[in-house]
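Working through the structure, step by step
Chain by chain, the residues:
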Amino acid sequence: VQLVESGGGLVQVGGSLRLSCAASGIIFSINLMGWYRQAPGKQRELVADISTSGGITTYADSVKGRFTISREDAKYTMYLQMNSLKPEDTAVYYCHAVIRGLNYWGKGTLVTVSS
């Protein structure tokens, strides 16, 4: 199973980006999916996660009201819509998925918010 993120880049303060995470390989079903981020010199932290079929979502307090997580199970794809971006959102964003009880991670995509 592979998770591949895309959509990162350089954006100005207040701008928007949409990250995507596509899963490929032998996949029967994906349980929990989520986005994590790691800023330079800091620990990796949960940004948002979404349950099977998108019924339950969780957000870090720092992104509530600005980020929206979603998923399309038919495409094995997850998204993170990021609005009103701030410099403190600058980080490498990682896709995470739990598939048949195992944890999988993408390699990350860099988001840089310039002031």
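Report on the accompanying structure. This is a predicted model, so every value here is computed, not measured.

**Points about the overall build of the chain**
A tally of helices and strands in the chain yields 0 helices and 11 strands. Each helix (α) and strand (β) of the chain, taken in turn from the N terminus, gives the series β-β-β-β-β-β-β-β-β-β-β. Principal axes of the C-alpha set define a box for the chain whose edges measure 45 × 25 × 25 Å. Of all 115 residues assigned to the chain, the portion counted as buried reaches 40%. In the chain, once contacts between residues fewer than 6 apart in sequence are set aside, the share between residues at least 24 apart is 52%. With the model as given, the accessible surface of the chain reaches about 6200 Å², and the carbon-plus-sulfur share is 51%. Computed over 11 positive and 8 negative side-chain charges, the separation of the two mean positions in the chain equals 3 Å.

**Quick word on the environment of Val47**
Mapped onto the elements of the fold, Val47 is located in strand 5 (residues 45-50). With 11 residues separating them in the primary sequence, Val47 and Tyr36 have C-alpha atoms 5.0 Å apart. In this view, Val47 contacts Trp35, Tyr36, Arg37, Thr58, Tyr59, Ala60, Val63, Phe67, Leu80 and Tyr93; residues no more than four positions away in its chain are not counted.

**Section: the nonpolar core**
Here is a general trend for soluble globular proteins: nonpolar side chains tend to be buried in one another's company. Counting residues in hydrophobic clusters, the biggest one holds 29 residues, and the most contacted among them are Trp35, Val47, Phe67, Met78, Leu80, Met82 and Tyr93. Among the elements of the structure, strand 3 (17-24), strand 4 (33-38), strand 5, strand 7 (67-72), strand 8 (77-82), strand 9 (91-99) and strand 11 (109-114) are those that each provide at least two residues to this core. A per-element tally of this core places strand 9 first, with 5 residues.

So, how was this worked out
Residues numbered from 1 in each chain as written. Predicted model: local features only at pLDDT ≥ 70, side-chain atom pairs only at ≥ 80, totals over all residues. Heavy atoms only, no water. Helix = DSSP H or I, 4+ residues; strand = E, 2+ residues; numbered from the N terminus. Buried < 20%, exposed > 50% of the residue type's maximum accessible area, 1.4 Å probe, protein only. Contact = heavy atoms within 4.5 Å. Areas by Shrake-Rupley, 256 points an atom, 1.4 Å probe, with all protein chains shown as cover. Lys, Arg positive; Asp, Glu negative; His and termini not counted. Charge placed at Lys NZ, Arg CZ, Asp CG, Glu CD. Core = buried A, V, L, I, M, F, W, Y, C linked by side-chain atoms within 4.5 Å.

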